[in-house]
Structure formats: C-alpha cells, structure tokens
Number of protein chains: 2
Amino acid sequence: MDSLPVSSAPVPAVIERARTFTRPALEQAVSRLHPDLARVCGYYFGWCDAEGTPTHGRGSRSLQACMVMLAAEASGEDPQVALPGAVAVELLHNFTLLHDDIIDGDTIRRGRPAAWVTFGTGTSLLAADALWAAALSALIEVPGTAGRAAARALNTSMGVIINAVAGEAVFDRTPAAEIDVDAYLAICETKGGELLGTAATIGTLLAGGPADQARSLREAARHAGAAWQATNDLENIWGNVALVGKPGFQDLRQRKHTLPVIAALQSEHPSSRALRGLLDRKELDKADLTLAADLIEEAGGRAFTERVAHDRLSRALDTLAVMSLPDTVHQNLATLLDFTVTRRPRTPSGKE
Amino acid sequence: MDSLPVSSAPVPAVIERARTFTRPALEQAVSRLHPDLARVCGYYFGWCDAEGTPTHGRGSRSLQACMVMLAAEASGEDPQVALPGAVAVELLHNFTLLHDDIIDGDTIRRGRPAAWVTFGTGTSLLAADALWAAALSALIEVPGTAGRAAARALNTSMGVIINAVAGEAVFDRTPAAEIDVDAYLAICETKGGELLGTAATIGTLLAGGPADQARSLREAARHAGAAWQATNDLENIWGNVALVGKPGFQDLRQRKHTLPVIAALQSEHPSSRALRGLLDRKELDKADLTLAADLIEEAGGRAFTERVAHDRLSRALDTLAVMSLPDTVHQNLATLLDFTVTRRPRTPSGKE
C-alpha cells in the first residue's frame with residue numbers, strides 16, 4: 001500500500017504549543033507499553049516508521065490537548081496543572097482512531113497505511129487498548145477529587161462515543177429517505193465533539209475552574225464537532241487528498257450515509273433519483289464516484305452540508321463570544337475551534 | 001458455523017451463588033448500551049441468541065465475580081458492599097475474551113460461534129469497548145476512596161494484561177528451543193491470574209479489608225491462574241470438546257507455543273525431533289494433529305504441563321491455608337481456586 005503525499009499545511013501557534021507541551025509526557029506514557037505496542041503507537045503518532053526508526057510523520061492534530069490547556073488557562077491556571085488531562089485525551093483520541101480504522105476497514109490514516117494494515121488487526125487492537133488504559137491511568141493517578149472527577153468524565157465520554165458509533169452504523173443501514181436529519185446530526189455532534197467537549201471539562205476540573213465555564217466550553221466544542229463532521233463528509237468527496245491524508249471517495253465507495261448523501265437523497269431535485277440509481281449499483285468505478293459527487297452537488301447535498309458546517313461553527317464561536325474570558329484565551333479558543341473545522345489557520349482578521 | 005455440544009457439567013454452589021448475585025446488575029449495565037451492542041453482549045453472556053431471543057446458553061464461569069464476593073466475606077463484610085466490583089470484573093473479563101477472539105481469530109467460544117463471527121469484527125470490537133467503559137464506570141461511581149482505589153486497580157490490571165498478551169505473541173514467533181520457560185510461565189500467570197488476583201484486591205478494598213489479606217489472596221489467585229493456563233493448554237490438545245466449548249487442536253493448528261509444545265520441543269526425547277519436523281510443515285490435517293499430540297506426549301510435554309498445573313494449584317491452596325480466614329470462607333475460596341483450574345467441583349473429601 002503506497003503512502004499519500006502529506007500536506008505540510010501551517011498549524012496555528014496555539015496548536016503547535018499543545019503538541020510541544022504534551023509530547024514528552026505522551027512519549028513517556030507510550031514507553032511504558034510493551035515494545036511491540038509502543039512501536040504501533042509511535043507509528044500512529046508519526047514519531048517513527050513501521051520498523052521503529054524515528055521520523056517526523058504527520059501525527060495527531062492535538063486539538064483535544066489544546067482544549068485541555070486552554071480550559072485550564074480560562075480558569076486562570078497554568079496549563080501545567082492540566083498536563084495529565086492533555087495526555088489522557090490525546091491517548092484516548094488515538095485509541096478511538098485506531099479502533100475506527102479497524103471497524104470501518106479504512107486503509108489509510110494520516111497519509112500512511114493504517115496501523116492494522118501495517119501491523120495486523122490483533123496488534124493494532126491491542127495497542128489501542130493499551131492507549132485507553134494509559135489514558136485512564138494518567139487521570140486516576142492525579143491526587144484529589146479533581147483527578148477522580150476527570151477520570152470519570154473521560155470514561156463516561158467513551159461510553160457516549162461508543163454508543164454514537166453504534167448509532168451511526170444503524171443510519172448506514174437505514175434507507176437514506178427515512179433518516180431523521182436532526183437525529184443524524186446529534187450523532188455527528190457526539191462523534192466529532194464529545195471528546196473535545198470532555199477535554200474542556202477535564203481542563204476546567206484539573207484547574208479548579210467553575211462548572212458553568214466548563215459547560216459553555218463543552219457546548220462550543222460540541223457545535224464545532226458537528227461542524228467538523230459535516231466538513232469531514234465534504235472533504236471525503238470534494239477534499240484535497242494531501243490535506244485530508246486519506247484517499248477520496250472512501251465513504252461513497254462504502255455507501256456510507258454521510259450528510260451530503262442523505263441531504264441529496266432526500267431532495268426533490270431530479271439528480272436525486274439518478275443518484276439513488278447509481279448508488280444501488282454493485283460496483284462503483286472512479287468515473288461512477290465522480291458522477292455521484294456531481295449528482296450529490298446538483299441535488300443540493302453539498303450546499304446543505306456546507307450550511308450546516310458554517311452554521312455550527314458560527315454557533316460554536318457565538319457560544320465563546322458571550323463567555324467572560326481573558327482576550328488571549330478567547331482568541332486562542334476561537335482559533336482552536338476554527339482550525340478544528342477548517343484545518344486552516346485563521347488570518348489575522350479572524351476570517352479564513 | 002455449527003455450534004458445539006455444550007456440557008452441563010455441575011458447578012459448585014459458591015460459583016452458582018456468584019452468578020445469581022451479579023446477574024441483575026450485569027443485565028442493568030448491559031441494558032445501558034446501544035441495543036446493537038447489548039445484543040452482542042447478551043449473546044456472549046449466554047442470555048440470548050444472535051437475534052436477541054432469550055436463551056439459557058453457556059455464559060461466563062463468573063470466577064472473578066466469585067472472588068470479589070469471597071474477598072469481601074474474608075474481610076467480614078456482606079458481599080453486597082462489593083457488588084460493583086463483582087460486576088466490574090465480570091464486564092472486564094468478557095471484554096478481554098471478546099478482544100482475544102478477534103486477536104486470535106478463534107471462531108468458537110462457549111460452544112457457539114464467536115461474537116465476531118456472528119456480528120462482525122467491528123460490532124464485536126465496539127461491544128467489547130462498551131463493556132470496558134461500563135466496567136470502569138461501575139467502580140468510579142462508588143463513592144469514597146475505596147471506589148477510586150478499586151477503579152485504579154482494575155485499570156492497572158488491564159495495562160498489565162495487555163502487555164502480557166503482547167509478550168505472549170513474542171513467544172509465538174520465538175523458536176521454541178530459545179524460550180525461557182520461567183519467563184513464559186510468568187506470562188501465563190498474568191494472563192490466567194491477573195484479573196482473578198485483581199478481583200481479590202477489589203473485593204478487599206470495597207469491603208475495607210486489610211492489605212495483607214488482599215496480597216495473599218492475589219498471590220493465591222495468580223498461582224491458580226498459572227495452573228489454569230497450563231490446564232487450558234492441555235485441554236486444547238487432549239480435552240473434552242464439550243466441556244471446553246472450543247474445537248480441539250486449535251492452538252496446534254495455529255502453531256502456538258503453548259507449554260506442552262515448548263516442553264516437548266526442548267526435551268532430549270527422539271520424538272521431539274519428529275515433532276519439530278511435523279510442525280514445520282505448511283498444512284496439518286487431522287491425522288497430523290493427532291500425531292503431533294502423541295509426539296508431544298512421548299517427548300514429555302504433557303507430563304511436564306500436568307506437573308506445572310498440579311504444582312501451581314497446590315501453591316495456590318497452600319497460600320490460602322496459611323491465611324487466617326473463617327472456615328466457610330476458606331472452603332469456598334479453595335473450591336473457587338480448584339474449580340478455576342479443573343472446571344470440576346471438588347468432591348466432599350476435597351479431592352477430585
């Protein structure tokens with residue numbers, strides 16, 4: 001399996017800071033695993049190649065770790081108090097991706113063959129499990145009630161995400177015409193935003209911040225998560241392969257009921273019927289997939305999904321705007337949420 | 001995939017009591033999962049068939065739950081205080097089996113097609129993950145320091161088990177002649193006894209019992225676990241298929257370096273060389289597997305493994321014998337450890 005070209009798109013300074021902040025503690029957590037599992041994790045994090053030789057591959061976006069830090073700063077604390085939280089959410093995020101690739105049969109992640117392709121399903125599954133145990137461990141070891149509450153928040157969030165993944169699978173086997181778009185969006189919000197929202201909760205808890213701040217940050221994060229899922233669905237059809245790090249049309253090939261597809265199949269536009277006929281075919285070649293993308297666009301699926309992404313990102317930023325936060329923290333949070341959705345740093349004007 | 005005949009071997013009363021004790025709380029925990037995941041778990045626990053229709057299938061042996069209860073009673077408490085612990089270890093035990101079947105590619109469990117065969121890898125993996133989250137949740141929700149310590153013990157134990165599974169895989173690809181048998185036995189002890197030992201720790205913690213009692217019970221459990229792994233290796237070659245609930249020779253077919261195989265390949269007996277030649281063949285049919293079993297026995301692999309099983313069970317019972325425990329609790333613990341290894345209730349004389 002060939003690697004994809006990897007984009008070196010610029011990353012906002014606040015994200016870069018989160019990566020630098022968490023990297024030593026992440027490496028330490030991974031170094032405690034069995035060497036075979038540590039190698040899978042190192043490969044997945046972009047620290048080494050499949051043989052364990054150090055590289056500078058594309059790794060996690062570190063959005064969750066960044067949220068933990070900013071939530072601590074929003075509570076007026078040094079992010080250092082929340083380091084175990086930043087490590088825990090990063091470890092857990094990567095656990096979910098490792099399992100997702102196995103569940104979905106996705107063969108490419110971060111521009112490289114997925115871990116299960118490179119190391120086999122068993123070893124990847126085990127490495128992922130090890131990351132989960134390490135994530136919980138990072139929080140359970142924090143003394144005092146905050147550590148316990150944070151561990152509880154992380155574990156609860158896992159249960160919620162797992163149920164959402166199961167819920168999404170139900171939508172994939174439900175005829176698109178019968179899918180309730182709001183129910184589908186609720187799943188998107190959880191899949192894309194639950195862990196980011198929990199990162200806000202954990203950062204606030206570890207910094208001893210107020211519960212209402214955690215709630216607002218969590219709400220903003222969940223809106224951004226929904227916007228990100230919608231954007232992800234768009235990228236999978238019309239995205240820049242190098243930026244995305246995955247081959248195009250994967251979702252369409254697997255007949256996934258993503259938002260653009262659902263919206264297109266529920267529209268009254270004549271292209272909707274043509275799309276349905278096309279997707280009912282057994283095999284889809286490259287030309288069929290390109291045609292399907294065009295039909296989805298003609299039937300309004302792309303525009304609908306773009307509106308959802310735009311609307312949810314606006315709601316995320318509006319939620320932030322009414323919080324009373326120090327200016328720098330506010331700007332950094334806005335940058336984080338914007339980057340979560342767009343994958344691009346904001347320009348100084350605050351627009352893309 | 002056909003089901004195997006399921007044995008209705010009698011179960012000691014103390015085990016039956018643990019099943020009855022935990023069942024309602026287990027059902028409640030599973031009912032909180034997404035229905036598709038709850039069905040996988042119900043099937044795996046032997047509560048329903050693949051369509052969700054209630055059955056009385058063969059389920060978990062409930063050894064871990066039984067240990068939690070007895071550890072609480074050894075601390076002079078009603079087992080009720082330790083119910084969350086009993087539920088947590090049962091959930092986690094079944095999580096490990098669900099993942100193990102995927103990792104090992106085992107197609108039969110408890111006399112039925114394995115969950116991944118029936119429901120697919122993705123759904124089974126997700127159901128297992130949900131069990132883990134539910135297990136941690138059961139303990140994190142227990143108020144006070146005991147709940148936190150118990151959650152920590154469970155999570156730490158998972159990390160230890162995961163590393164041991166990775167370690168076992170290394171032994172499978174190491175030439176049998178080069179395997180250090182003591183190092184291999186240490187892995188067996190962890191794979192077979194870590195969760196049972198942690199069940200003892202958790203039961204003692206939740207009942208506020210003394211740390212030295214927890215340590216002794218844990219030691220006894222780890223010895224029994226090693227004995228169980230050795231017995232399991234024997235059963236896989238010479239066992240009663242109905243009692244075991246798995247097809248015979250699975251380990252041999254997969255060229256696993258189990259204890260009888262390692263011991264036989266390291267022996268000086270002429271059959272050892274014949275065995276090596278046989279196992280180097282690409283394909284093994286039923287006659288080859290039967291011949292391999294005979295060669296292992298001739299080379300002393302069976303007798304060695306039986307000695308290990310016998311010795312480790314004796315050490316487990318000796319560890320119990322020097323503890324100062326109420327008579328009934330002592331007898332019940334001895335019954336539990338004995339049944340863990342032999343799968344048969346002890347006769348009144350205490351012998352098989």
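Residues numbered from 1 in each chain as written. Chains lettered and ligands numbered in written order. Predicted model: local features only at pLDDT ≥ 70, side-chain atom pairs only at ≥ 80, totals over all residues.

Caption draft 1: Region of interest: the overall build of chain A. A tally of helices and strands in chain A yields 16 helices and two strands. Against the 2.2 N^0.38 benchmark of 20 Å for 352 residues, chain A shows a C-alpha radius of gyration of 20 Å, consistent with a compact globule. Buried positions account for 54% of the 352 residues belonging to chain A. (Helix = DSSP H or I, 4+ residues; strand = E, 2+ residues; numbered from the N terminus. Rg over C-alpha atoms; globule rule 2.2 N^0.38 Å. Buried ≥ 20, exposed ≤ 12 C-beta atoms within 10 Å, placed from the backbone.)

Caption draft 2: Looking closely at unusual backbone geometry. Residues and elements named next belong to chain B. In this model, Ser-62 sits at a positive phi of 65°, which is unusual for a non-glycine residue. Given 26 C-beta atoms within a 10 Å radius, Ser-62 is considered buried. In this model, Arg-255 sits at a positive phi of 55°, which is unusual for a non-glycine residue. Inspection of the secondary structure puts Arg-255 in the loop between helix H11 (250-253) and helix H12 (259-265). According to the C-beta neighbour criterion, Arg-255 is partly exposed, with 15 such atoms within 10 Å.

Caption draft 3: Highlighting the packing of helix H15 (residues 301-321) of chain A against helix H16 (residues 327-342) of chain A. Residues and elements named next belong to chain A. One way to put it is that H15 packs onto H16 with a least axis distance of 10 Å and a crossing angle of 165°. With respect to their mutual orientation, H15 and H16 come out roughly antiparallel. Of the two elements, H15 crosses H16, and the hand of that crossing is right-handed. Facing H15, whose interface residues are Ala-309, Leu-313, Ala-316, Leu-317 and Leu-320, H16 presents His-330, Leu-333, Ala-334, Leu-337, Asp-338 and Val-341. Considered class by class, the residues forming the contact of H15 with H16 number nine nonpolar, one polar and one charged. (Axes fitted to C-alpha atoms, helices over the stretch in contact; angles between N-to-C directions. Parallel < 35°, antiparallel > 145°, perpendicular 65-115°, else oblique. Left-handed = near helix turned anticlockwise from the far one by under 90°. Contact = placed C-beta atoms within 7 Å. Nonpolar A, V, L, I, M, F, W, Y, C, P; charged D, E, K, R; others polar.)

Caption draft 4: Region of the structure containing the confidence of the model for chain A. Residues and elements named next belong to chain A. When pLDDT is averaged along chain A, the result is 91, and 93% of the positions lie at 70 or above. No element of chain A has a lower mean pLDDT than helix H10 (residues 241-244), at 65, and none a higher one than helix H3 (residues 63-74), at 98. Confidence drops under pLDDT 50 across residues 1-6; counting only partners more than four residues distant or on other chains, this segment forms 16 contacts. Below pLDDT 50 for its whole length, residues 348-352 participates in four contacts with residues either more than four positions away or in separate chains. The complex model carries a pTM of 0.91, and its ipTM stands at 0.90. (pLDDT = per-residue confidence, 0-100.)

Caption draft 5: Here's a closer look at H15 of chain A. Helix length check: H15 of chain A, at 21 residues, gives a terminal C-alpha distance of 30 Å against a target of 30 Å (1.5 Å per residue), a fit within 8%. Those residues of H15 of chain A lying buried are Gly-301, Arg-302, Phe-304, Thr-305, Val-308, Ala-309, Arg-312, Leu-313, Ala-316, Leu-317, Thr-319 and Leu-320 of chain A. (Expected span 1.5 Å × (residues − 1).)

Caption draft 6: Structural view of the relation of the copies chain A and chain B. The two copies are related by a screw motion: chain A maps onto chain B through a turn of 180° and a shift of 0.0 Å along the axis, at an RMSD of 0.0 Å. With respect to symmetry, the two chain copies, as superposed, fit the operation of a two-fold axis. Residue Arg-148 of chain A, judged by its C-alpha, is the member of chain A lying nearest the rotation axis, at 3.4 Å. Here 100% of the interface residues in chain A have copies in chain B that are interface residues too; the copies meet face to matching face. (Least-squares fit on C-alpha atoms with pLDDT ≥ 70 in both.)

Caption draft 7: Up close: the interface of chain A and chain B. Counting residues at the interface gives 32 residues for chain A, matched by 32 residues for chain B. The element that contributes the greatest number of residues to the side of chain A that touches chain B is helix H7 (residues 144-173) of chain A, accounting for 14 residues. Of the residues that constitute the side of chain A that touches chain B, the class distribution is 18 nonpolar, ten polar and four charged.

Caption draft 8: Quick peek at helix H8 (residues 181-206) of chain B. Residue and element names in this part refer to chain B. Its 26 residues place the ends of H8 36 Å apart at the C-alpha level, agreeing with the 38 Å of an ideal helix rising 1.5 Å per residue. Taking the largest bend as the criterion, H8 deviates by roughly 55°, centred on Gly-193. Within H8, 21 of the 26 residues are buried, which leaves it mostly tucked inside the rest of the structure. Two residues or fewer after H8 comes Gly-208, characterised by a positive phi angle close to 65°. (Bend = angle between axes of the 7 residues up to and from the residue.)

Caption draft 9: Layout of the packing of helix H6 (residues 121-140) of chain B against helix H7 (residues 144-172) of chain B. Residue and element names in this part refer to chain B. Packing of H6 against H7 leaves a shortest axis separation of 8 Å and a crossing angle of 155°. By the angle class used here, H6 and H7 are roughly antiparallel. Where H6 approaches H7, its residues Ala-135, Leu-136, Leu-139 and Ile-140 are matched on the opposing element by Gly-147, Ala-150, Ala-151, Leu-154 and Asn-155. Grouping the constituent residues of the contact of H6 with H7 by class yields seven nonpolar, two polar and no charged.

Caption draft 10: Representation of the environment of Leu-83 of chain A. Residues and elements named next belong to chain A. Relative to the helices and strands, Leu-83 is located in helix H4 (residues 83-104). The class for Leu-83 is buried, based on 21 C-beta atoms found within 10 Å. The spacing of Leu-83 and Ala-65 is 18 residues in sequence and 8.4 Å in space, taken between C-alpha atoms.

Caption draft 11: Examining the environment of Cys-188 of chain A more closely. Residue and element names in this part refer to chain A. Looking at the secondary structure, you find Cys-188 in helix H8 (residues 181-206). Sequence-wise, Cys-188 and Ala-227 are 39 residues apart; in three dimensions their C-alpha atoms are separated by 8.4 Å. The residues touching Cys-188, leaving out its near neighbours within four places in the chain, are Ala-226, Gln-229 and Ala-230.

Caption draft 12: Local environment of the environment of Glu-178 of chain A. Residues and elements named next belong to chain A. Tracing the chain through its elements places Glu-178 in the loop between H7 and H8. The exposed category is assigned to Glu-178, around which 9 C-beta atoms lie within 10 Å. C-alpha of Glu-178 to C-alpha of Pro-260: the two residues are 82 residues apart in sequence and 15 Å apart in space.

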